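# Close look at the chain arrangement
In case you want the letters, here they are:
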Amino acid sequence: MQSPSKLNTGTAPLFLDASVVINLVASNYMEGIILALERPIVVPESVCTEFKRHPRDGSSSKQVIEALTTRGRIRIGEMSDSQFETFLRLTGHPPPDDLGDGEAATLACADGIGSAAIDDRKALRIAARDFPDQTLYSSLDLFCAEQVLSGLGRSVVAQAVYDSI
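These remarks concern the structure in this document. Residue numbering note: each chain is counted from 1, following its sequence as written. In keeping with the predicted nature of the model, local features appear solely for residues at pLDDT of at least 70, side-chain atom pairs appear and are counted solely at 80 or more, and the whole-chain, interface and lining totals rest on all residues. Values shown for side chains rest on all heavy atoms present in the structure; no hydrogens or waters enter the calculation.

## What to know about unusual backbone geometry
- The omega angle of the peptide bond from proline 95 to proline 96 is 10°, so this bond is cis rather than trans.
- The secondary structure listing takes helices from DSSP runs of H or I that are at least 4 residues long and strands from runs of E that are at least 2 residues long, numbered from the N terminus. Among the secondary structure elements, proline 96 is positioned in the loop between α5 (81-92) and α6 (101-110).
- Of note, asparagine 28 is a non-glycine position whose phi angle comes to about 70°, a positive value.
- Position of asparagine 28 relative to the elements: it lies in the loop between α1 (18-26) and α2 (30-37).
- Notably, glutamate 38 is not glycine yet its phi reads approximately 50°, a positive angle.
- Mapped onto the elements, glutamate 38 comes out in the loop between α2 and β2 (41-44).
- A 1.4 Å probe rolled over the protein chains alone gives each residue an accessible area, and that area as a share of the maximum for its type sets the label: buried under 20%, exposed over 50%, partly exposed in between. Residue classification places glutamate 38 among the exposed residues on the basis of a relative accessible area of 66%.

## Observations regarding the pattern of salt bridges
- Should a side-chain nitrogen of Lys or Arg be within 4 Å of a carboxyl oxygen of Asp or Glu, the pair is scored as a salt bridge. For the structure shown, the criterion picks out 8 salt bridges.
- Salt-bridge contacts for aspartate 97 lead to arginine 125; the nearest nitrogen and oxygen are separated by 2.9 Å. Of this pair, aspartate 97 sits in the loop between α5 and α6 while arginine 125 is found in helix α7 (residues 121-130), placing the two residues 28 residues apart along the sequence.
- Look at aspartate 97 and you get partly exposed, because its relative accessible area is 23%.
- Across the pair aspartate 97 and arginine 129 runs a salt bridge whose closest N-O atoms are separated by 3.3 Å. Note that aspartate 97 is positioned in the loop between α5 and α6 and arginine 129 in helix α7, a separation of 32 residues in sequence.
- Given a relative accessible area of 39%, arginine 129 falls into the partly exposed group.

In structure tokens, the structure reads:
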């Protein structure tokens, strides 16, 4: 049975938005999923600021991010000057075309460098309009990527998806 995910193998960095980080942390399998994906995972600094509490127990998210960073599982992404200009443009659009800091940072950092994982429909709409060549994924694409399904097993992935909602 083929994976329902559109995420394929690759070496380009994958930039995660806060909603994706929250879903992965809530699943209790974030590290295993990241290891199975076998690609650089970057969490923009603005996303770290948005992700304040562990979705399961309410503890500080700082420990989760620090542990994954220390073990080399994720990298915290800082914006270059040109990425920051893109970020400002995305957050400064008048409603309903403005984005929050996390989505804007994720798209700005990924532009031309890698792909982005975002669940927010508004951000996906704006990304399709402003970044037509950008490859976009959802949390479910990460959970259901073939390498994750084969690495963790379908029953573990099913439990991870259940726990993330």
